[in-house]
Amino acid sequence: MNVKIGEKIKALRKRDDITQERLAEVLCVTNQAVSKWESGNSYPDIEYIAPIANIFNVTIDYLFDHDTAEKRRKVDDYLAQYTKRRLDNPSQCNENIDLMRQALAEFPAEEILLLKLAESLFWKWINSRRNKNQDGYDIPDIEWNKSLGYWEESVKIMEELLASSTNDVIRGQCRQKLAEIYGSIGEKEKLLAIAEKCSSIHSSKEDILSHSSWGEDGIRYKQEFLMAMLTPLQNTLRPLARRAGAETEDKTFNILFDLHELIFRDDCGVHSHWLTFLYQCHARSLFNNNKPDETVKAFQQAFVHAKKFAEFADGTSEKTCTSPFTNLMKQLPITSFNPSSEVQWLLEQLKDGKFQSLRVNADFIALIKEVEDWIAERG
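What you are looking at is a predicted structure, and each value in this text was computed from that prediction instead of being measured.

*Asks:* Describe in detail helix α10 (residues 151–164), supporting the description with residues and values.
*Replies:* Counting along an α-helix, one turn takes 3.6 residues, and residues three or four places apart therefore face a common direction. Taking 1.5 Å per residue, 14 residues should reach 20 Å; α10 reaches 20 Å between its end C-alpha atoms and fits that length. Residues W151, S154, V155, I157, M158, L161 and L162 constitute the buried set of α10. The buried residues of α10 occupy an angular sector of 165° when projected down its axis, which confines them to one face. Those residues of α10 that are exposed and angled more than 90 degrees off the buried face are K156, A163 and S164.

Okay, structure coming up:
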């Protein structure tokens, strides 16, 4: 922490003719605490930084004597490091938690860093849930979910951000993750309260622009709205289809694959990530329904799309889509993402002990080798 913050507090207090006792009273701390801050023998806890700035009507940056441009550069550097790691990889998720704690030690109360810390803790909790039941983690075991503990700090940070932030994007991301946590730990009233504060899909940004713009702009916004709806659609259909039974579930997956082919043709770009995920989900469903040969074929398709995603993520320039459903959209290169991550994640799934019985299948063994060789060739 900046060693001059105590000097700043003392100077501001004298400027505004506020005694140590009065400042301590307003902050609900002891007179000795304020005295130690000003003498440099201790520093205010993070929770007091914003209130101190508000009392003296100054910015947090002023308290810490940050140069705004230099601060922005450092924060952006922390965020760049953060986005290079996969949150669904437990070890990389832990690295991001440590990184954000380090960043917040330098820039306390920086909202985007607080959000990323909360996001990392959220994913640590998600990863722990998955350890219990890889196939059914979207069906909450409330007591198990609550016992993991990682969600608690995440909730505290996001609830505080919702109460204090004026950034709609940050508030929206907090609501989304808080809703998932509340739903998974049985906090129905809190979940409903969050949902009631959100707009419906029919008054979303994408819907408004799609229906209120004309000409080429209108078509482009409709294409963007289509993309925005696609992921929620597939994530909603999968559990509903599972509930309806094996035959309906299999049919649903095939409809989703046909829908992607209709929308993207053979040019899925960043959405190859979702096709990789969908084929892996389909493979697990087929395996659970005792269809080993079809399971292997689904994993083979997952590999096809994982490689396509790697090719897209490896790009260095903006790409124009070719399908009539996407041809007015631009896809930017994913410069902060490991292009091989989808293939590496697929290999972890293939080597999961759950699929041990498939190791008598020559095509399955050949697929594992092919995936390993691909990774090895890319270094």
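Having seen the structure, we can now continue with the description.
*Asks:* Explain the pattern of salt bridges residue by residue, including any values.
*Replies:* Considering all chains together, one arrives at 17 salt bridges under this definition. Across the pair R72 and E110 runs a salt bridge, and its minimum N-O distance is 3.9 Å. Highlighted residues: R72 in helix α6 (residues 68–83) and E110 in the loop between α7 (90–106) and α8 (111–132), separated in sequence by 38 residues. E110 sits in the buried class, given a relative accessible area of 13%. A salt bridge links R220 to D217; its shortest N-O distance comes to 3.2 Å. Taken as a pair, R220 and D217 lie in helix α14 (residues 215–244) at a separation of three residues, close to a single helical turn. Overall, R220 belongs to the partly exposed group, its relative accessible area being 24%. You can call D217 partly exposed: its relative accessible area is 43%. A network of salt bridges, in which partner residues are shared, links K71, R72, D76 and E110.

*Asks:* How would you explain the packing of aromatic side chains if you had to name every residue and give the values?
*Replies:* Applying the stated criterion to the full structure yields nine aromatic pairs. Plain terms: the ring middles of F122 and W125 are 6.0 Å apart, the flat faces sit at 50° to each other, and that makes the pair tilted. Taken together, the residues span about one helical turn, with F122 and W125 both in helix α8 at a distance of three residues. Plain terms: the ring middles of W274 and F277 are 5.8 Å apart, the flat faces sit at 85° to each other, and that makes the pair edge-to-face.

*Asks:* An account of the packing of α14 against helix α15 (residues 246–264) is needed here, citing residue identities and associated values.
*Replies:* In the contact formed by α14 and α15, the axes pass within 8 Å of each other and the chain directions differ by 165°. As the angle between them shows, α14 and α15 are arranged roughly antiparallel. The two elements α14 and α15 cross, and the hand of that crossing is right-handed. Contact residues: L226, M227, L230, L233, Q234, L237, R238, A241, R242 and A244 in α14; T248, E249, T252, F253, L256, L259, H260, I263 and F264 in α15. By residue class, the composition of the contact of α14 with α15 is 12 nonpolar, four polar and three charged.

*Asks:* Account for the packing of helix α16 (residues 272–288) against helix α18 (residues 341–350), naming residues and giving values.
*Replies:* Relative to each other, α16 and α18 sit at 10°, their axes nearing to 11 Å. Judged by the inter-axis angle, α16 sits roughly parallel to α18. Two secondary-structure elements touch here, α16 through H273, T276, Q280 and R284 and α18 through E342, W345, L346 and Q349.

*Asks:* Requested: an account of the confidence of the model for the chain, with residues and values cited.
*Replies:* Considering every residue of the chain, the mean pLDDT works out to 87; 92% of them sit at 70 or more. The model gives residues 133–137 a pLDDT under 50, and that stretch makes 10 contacts with residues more than four places away or in other chains.

*Asks:* Quick one: what's the story with the environment of W345, residue by residue and with numbers?
*Replies:* Relative to the elements of secondary structure, W345 occurs in helix α18. Owing to a relative accessible area of 17%, W345 belongs among the buried residues under this scheme. Placed 69 residues apart in sequence, W345 and T276 show a C-alpha to C-alpha distance of 10.0 Å. When neighbours within four sequence positions are excluded, W345 is seen to be in contact with R86, D88 and Q280.

*Asks:* Talk me through the environment of E159; I want residue IDs and the actual numbers.
*Replies:* You can see E159 is positioned in helix α10. Accessibility expressed as a relative area gives 30% for E159, which makes it partly exposed. As a C-alpha pair, E159 and R265 span 106 residues in sequence and 42 Å in three-dimensional space. Discounting chain neighbours no more than four positions away, the residues touching E159 are L178, Y182 and K190.

Rules behind the numbers
Residues numbered from 1 in each chain as written. Predicted model: local features only at pLDDT ≥ 70, side-chain atom pairs only at ≥ 80, totals over all residues. Heavy atoms only, no water. Helix = DSSP H or I, 4+ residues; strand = E, 2+ residues; numbered from the N terminus. Expected span 1.5 Å × (residues − 1). Buried < 20%, exposed > 50% of the residue type's maximum accessible area, 1.4 Å probe, protein only. Arc of directions from axis to C-beta. Salt bridge = Lys/Arg side-chain N within 4 Å of Asp/Glu carboxyl O. Phe/Tyr/Trp six-rings, centres within 6.5 Å; stacked < 30°, edge-to-face > 60°. Axes fitted to C-alpha atoms, helices over the stretch in contact; angles between N-to-C directions. Parallel < 35°, antiparallel > 145°, perpendicular 65-115°, else oblique. Left-handed = near helix turned anticlockwise from the far one by under 90°. Contact = heavy atoms within 4.5 Å. Nonpolar A, V, L, I, M, F, W, Y, C, P; charged D, E, K, R; others polar. pLDDT = per-residue confidence, 0-100.

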